[in-house]
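Chain by chain, the residues:
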Amino acid sequence: MLPRRPLLAALLLLALLPGCARREDPVPPGRTLITVWSGWTGHEQGYFQAAVKAYNRSQNRIFVKNMSTEMDDGKLLRALTAGVPPDLFFLWEPSYIGALAANNAIQPLDLFIRKSTLNLKDLIPGSINQGYYEGHYYAMPFLIDAYGLYWSKKAFREVGLDPERPPRTMSELEAYTKRLLSWERPGQLRRLGFEMPGLNLFMVLFGGRFYDPATKRITTTDPRNVEALAFYKRLYQIQGGAHRIDAFKQGFGEYNSANHQFFVGKVAMMISGQWWSSYCRKYRPGMDFGVAPLPYPDQYPGLLGTTYLGGNFACIPTESKHPRQAWDFLRWMQTYPAQLLFAQKMRGVPNYRPVLSDPSLTQGDRWSRAFGVVCQIANHPNARFFPALPVNLLYMNELDNAAQYGARGRKTPYQALADVEQRVQQELEKYPEYRIARRPGGKP
Amino acid sequence: MTTAAAPPTRRASYAARAERRRLVTGLLFISPWIVGSLVFTLGPVLVSLYLSFCDYRVLTPPHWLGGENYRQLLADEYFWRSLGNTAFMFIELPLGIVIGIALAMLLNASVRGQPGFRTLFYLPSVVPVVASAMLWLWIFNPDPKIGLLNGLLGMLSTAMEGLDALLHGLLPVLPASLHLHLPPEIPWLVSATTAKPSIMLMDLWGVGGGMIIYLAALQGVPQHLYEAADIDGASSWQKTWHITLPSISPVIFFMVVTGMLGVFQYFTSAYIMTSGGPEHSTLFYALYLFQNAFQYFKMGYACAMAWILFLISLVLTLVVFRSSARWVYYEEER
Amino acid sequence: MKRGLAIKRGFTYLALVALAVVFAFPFVWMLSTSLKYDWQIFPREGQPFSLNLFRWPMRWGNYPRALETFPFLNYLYNTLYICLFNVIGTVASSSLVAYGFSRVRWRGRNAIFILVLATMMIPYQVTLLPVFILFRNLGWIGSYKPLIVPAFFGSAFFIFMLRQFFMTLPGELSDAARIDGCSELGILLRIVTPLAKPALATVALFTFMGSWLDFMGPLVYLNDERLYTLALGLHAFLGRHGADWSGLMAAGTVVVAPIIIIFFFTQRTFIKGIALTGMKG
């Protein structure tokens, strides 16, 4: 067996030298230290760190310490519940904003905004408004996601379509999909005409509403939503049915790789976010693709230019120890240099409007121009988003279910959506009206 | 100590004192667990019981609801669905035990290279989950040009067809309806019917951990029993059934109970790989509980789910305990 | 008779080799992916099915690259620290408690044992918030204490396991020792422990492995990067917009290699060290 004495010696040594590790940069004296949980990992962590360094250099009152471990639901929630949160954190899932706000875990930022030089009109409405709940702003955006229609010009040429002319309306989308659909042999797909996005995006394109703030009711059964699901189902059916499509999709390669279905010709058209052009440049520089605004339903031409918005959001916990300093950092993130720096690296849509037309972002090579197209899409007045509600995660999970059941014909579109509405409404009613009695920047 | 002529009272008091001494000794030995559970376990567990009767949204103080959570649960279709899904996974329990024991016995025989084989069998348990998730998605990929299982299946299926054609060609007397056939591809994780069996298959890879425990147990079987059985001319099967299994029955009991509790709390694979789909076929009880607790912020509801699970586990464990008197053999209590 | 035995041996080997291939596959796959270039990891379009395991050229550079992605030595030291204390604490405390439940006869023993089992029946998801608040009240958040201290109070799983093992040992051994005037603790240390070496080694192995690869615990309780463990380092390879798969597999291989090596070389402890010749006569 292992000899005893050296083992004991080793153990004693270990016990006496804890923390014998690298020292990191100490906090410069005279500065307030604030901790930020940003959740960026991998090489993205490096980009965010660069932004943090730039901020720390730009002033000498505050020092930001960024902690990027994997953002886990459990970790953040535990810290919030136990009252030991960081001073500022980023959210991976904007859907959490409503629940956190409704439970007073994050503080409203209105007072900070009013007192600062920030003009909300300079921000894309769909960005700052994703953090709007019950009359207050709870989260600041830092680059948002916007979606456009991407298509493979090569596939278009193959079937005799004009590669510069994407489908503009839903009926055109259907027709193009049928043209671009291709079978290997009966029962085995070779190429999908159009890869279906999530149902909530589709509902937005039809002008459907998720929630009516006037009546405080979930409106999943809004007639537009039912139309959207019915059309969604049709697009599934004309491409072989949900089962075949799902099986075909399982054979898709890794999302972040040269084997993505779009690159290898398994999908001719798809809806994706602004990052897609950088992916094209990185993984398939030879890919001849186009990007355009999303199609609108023929019967509602006013919906032209609609898109769906997502994004990264930062919140200040109610029990943050340095909310004013945290706000200072958030405010800096809304300035031109900060947004430009991050957008150049991360390829998110800047939510600070003046940056949208910066030539370094949107001009030059064709990928930057494609990115520019999506930036313009994001700035359109018709850009929509999922409103902040405390029940969003449930709502989104249930919408996924409704999409599955609806697409497979197990429930009628109306029934699938009605079930969602009923469940989510039931949950929503459990949240009483919250009167915000806390002042930002400390306990009430 | 002669007690033959001692008066009954003194003997009785001696016995009582000895019993008390044993009680004190026993309690002393288990004192670390008592202290630990009082500090680390009891509090949180009681809190969760209290919360199961409350509406607790995690970030705000709870308020009392009475039995409302429980009433809602019983009417919740996902509750029953998830319970059913979890119950289905019980099939894995006897499979895992039999395979684990068989492997351990195989490795206990005197063959060369035992350490090597044992290490190889144990390897899957060691691969970190973050790496293996990707591996399994590839294995279960339904495209026969990519996925491992369907790729192999595709090749086997073609071979079967060839074999079938050959047989029919050689023996024309075979009825035309009789065919050798293997499905060319199986949807694995994509279809609601095959998703759970796929997950079971994935779990069985980790049977190496149980194998280690059975191996350790097999070391304690007295050799002389085997020698005596050999003299009596017993077959391998008889030796296994009458000597090996009873000798390791305490450990089998352990694996049955812990395996059962493990099935009840089955969570990780579904969380990482399938998120409860397709069509809720892999929505296991613990996954639904997790969703309620951390995504829907219905912690009180989740606590109610936890306590229902606790009651079911307790009842079933007691049943297994009772039955153990009949099949578990403790050398210590002879 | 000899030929029958040889055939039986042959079949046993065949079965072992076949099973070994099946079981070793996940690890072999991980190893093979760690040596690939990014474009080799996923099968190219249009190619027929292949196992896609080892391909040339091999990218040995994945290993130094992966080990530079996070402070490997630092995390290694931290993880060793946590694991060692965990193993010592768990083995010591669980043996003590298991002994109390198996080799000492006292009233109420089995009833309290059911309580031990009961603690395993509550899903951890509902106790993790109260537990976190408890640790916060103790002021242990941000240190190693929540990861190490509970190990010294016994783990229900291992208590149960060791109890079962201890109960397979004949009672006469203890009786004889008691008559000789040996204390209970002495019996545990001098008689039971040597005989239960395989079981104790199993507890040590499982505890070590669990602690070595534990991700949730360090994620939740540690906020200072200098204290992070190897498991957290592994997750650094997973970005939001894409993972460094080959780096992850390389780091993963390095992280699990010590366990495999330790396991391979300590096989003897899993086999009984002394032969039980039986207590009759």
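Residues numbered from 1 in each chain as written. Chains lettered and ligands numbered in written order. Predicted model: local features only at pLDDT ≥ 70, side-chain atom pairs only at ≥ 80, totals over all residues.

Draft legend 1. Layout of the overall build of chain C. Across its full length, chain C holds 15 helices and two strands. Here the C-alpha radius of gyration of chain C, 24 Å, is well above what a compact globule of 281 residues would show, namely 19 Å. Along the first, second and third principal axes, the C-alpha set of chain C runs to 75 × 70 × 30 Å. Classification of the 281 residues of chain C by burial places 47% in the buried group. Of all intrachain contacts in chain C linking residues separated by at least 6 positions in sequence, the fraction that spans at least 24 positions is 79%. (Helix = DSSP H or I, 4+ residues; strand = E, 2+ residues; numbered from the N terminus. Rg over C-alpha atoms; globule rule 2.2 N^0.38 Å. Buried ≥ 20, exposed ≤ 12 C-beta atoms within 10 Å, placed from the backbone. Contact = placed C-beta atoms within 7 Å.)

Draft legend 2. Fine view of the overall build of chain B. Secondary structure summary: chain B contains 15 helices and two strands in total. Taken along the three principal axes of its C-alpha coordinates, chain B extends 95 × 70 × 40 Å. Scored against the burial criterion, the 334 residues of chain B give a buried share of 40%. Nonlocal contacts in chain B, meaning residues at least 24 apart in sequence, comprise 67% of its contacts between residues at least 6 apart.

Draft legend 3. Fine view of the packing of helix α5 (residues 114-126) of chain B against helix α9 (residues 208-218) of chain B. Residues and elements named next belong to chain B. Packing of α5 against α9 leaves a shortest axis separation of 7 Å and a crossing angle of 130 degrees. Overall, the two elements α5 and α9 adopt an arrangement that is oblique. Contacts from Phe121, Tyr122, Leu123, Pro124 and Ser125 in α5 reach Gly208, Gly209, Met211 and Ile212 in α9. (Axes fitted to C-alpha atoms, helices over the stretch in contact; angles between N-to-C directions. Parallel < 35°, antiparallel > 145°, perpendicular 65-115°, else oblique.)

Draft legend 4. Just the interface of chain B and chain C, in detail. Listed as interface residues are 81 residues of chain B and, on the opposing side, 83 residues of chain C. Top element by residues in the side of chain B that touches chain C is helix α1 (residues 8-51) of chain B. It accounts for 19 residues.

Draft legend 5. Representation of the environment of Pro130 of chain C within the structure. Along the polypeptide, Pro130 of chain C turns up in helix α6 (residues 124-138). As for Pro130 of chain C and Phe152 of chain C, which are separated by 22 residues in sequence, their C-alpha atoms are 20 Å apart. Filtering out sequence-adjacent residues up to four positions away, Pro130 of chain C remains in contact with Gly43, Pro44, Val47 and Ser48 of chain B.

Draft legend 6. How the structure looks around helix α4 (residues 92-108) of chain B. In this model α4 of chain B runs 24 Å from its N-terminal to its C-terminal C-alpha over 17 residues, within 8% of the 24 Å that 1.5 Å per residue would give. Those residues of α4 of chain B that are buried lie in contact with α5, α8 (192-204), α9 and α12 (249-264) of chain B. (Expected span 1.5 Å × (residues − 1).)

Draft legend 7. Expanded view of the domain arrangement of chain C. Residues and elements named next belong to chain C. When cut into domains, chain C gives domain 1 (1-59) and domain 2 (71-270). Here the C-alpha centre of domain 2 lies 32 Å away from the C-alpha centre of domain 1. The interface of domain 1 with domain 2 comprises eight residues on the first partner and six residues on the second. For the side of domain 1 that touches domain 2, the secondary structure elements donating two or more residues are α1 (2-34) and α2 (38-41). Here the side of domain 1 that touches domain 2 takes four residues from α1, the largest share from any one element. Looking at the side of domain 1 that touches domain 2 residue by residue, the classes come out as three nonpolar, two polar and three charged. (Domains from an automatic or database assignment. Nonpolar A, V, L, I, M, F, W, Y, C, P; charged D, E, K, R; others polar.)

Draft legend 8. Structural context of the pairing of strand β12 (residues 289-292) of chain A. Residue and element names in this part refer to chain A. Only one face of β12 is covered, namely the one carrying Phe289 and Val291; the face carrying Gly290 and Ala292 has none of its residues buried. The pairing of strand β6 (residues 140-152) with β12 spans four bridges and is antiparallel. Within β12, the residue paired with Leu149 across the bridge is Ala292. (Pairing = 2+ DSSP bridges.)

Draft legend 9. View of helix α10 (residues 223-238) of chain A. Here α10 of chain A spans 23 Å end to end across 16 residues, near enough to the 22 Å set by a 1.5 Å rise per residue. Elements in contact with the buried residues of α10 of chain A: α8 (170-180), β8 (188-195), α9 (199-205), α11 (242-250), α17 (392-407) and α18 (413-428) of chain A.

Draft legend 10. Structural detail: unusual backbone geometry. Residue and element names in this part refer to chain A. Its identity is not glycine, yet Asn104 carries a phi of approximately 60 degrees, on the positive side. As for its placement among the helices and strands, Asn104 is situated in the loop between α4 (96-102) and α5 (110-115). Unlike most non-glycine residues, Arg347 shows phi in positive territory, near 55 degrees. Looking at the secondary structure, you find Arg347 in the loop between α14 (336-346) and α15 (359-362).

Draft legend 11. Spotlight on the environment of Leu51 of chain B. Residues and elements named next belong to chain B. Counting through the fold element by element, Leu51 comes out in helix α1. Exposure remark for Leu51: the 24 C-beta atoms within 10 Å place this residue in the buried category. Put simply, Leu51 and Tyr301 are 250 residues apart on the chain and 8.3 Å apart in space, counted from C-alpha to C-alpha.

Draft legend 12. Summary view of the environment of Lys196 of chain B. Residue and element names in this part refer to chain B. Take Lys196: it is sitting in helix α8. Taking the C-beta count within 10 Å as the criterion, Lys196 has 21 such neighbours and is therefore assigned buried. C-alpha separation for the pair Lys196 and Phe284, spaced 88 residues apart in sequence, amounts to 10.0 Å. Leave out the neighbours within four places in its chain, and Lys196 touches Asn85, Phe88, Met89, Ser281 and Thr282.

Draft legend 13. Fine view of the confidence of the model for chain C. All names here are of chain C. When pLDDT is averaged along chain C, the result is 83, and 91% of the positions lie at 70 or above. Contacts from residues 273-281, a stretch scored under 50 in pLDDT, to residues over four places away or in other chains number nine contacts. Note on the complex model: pTM 0.82, ipTM 0.82. (pLDDT = per-residue confidence, 0-100.)

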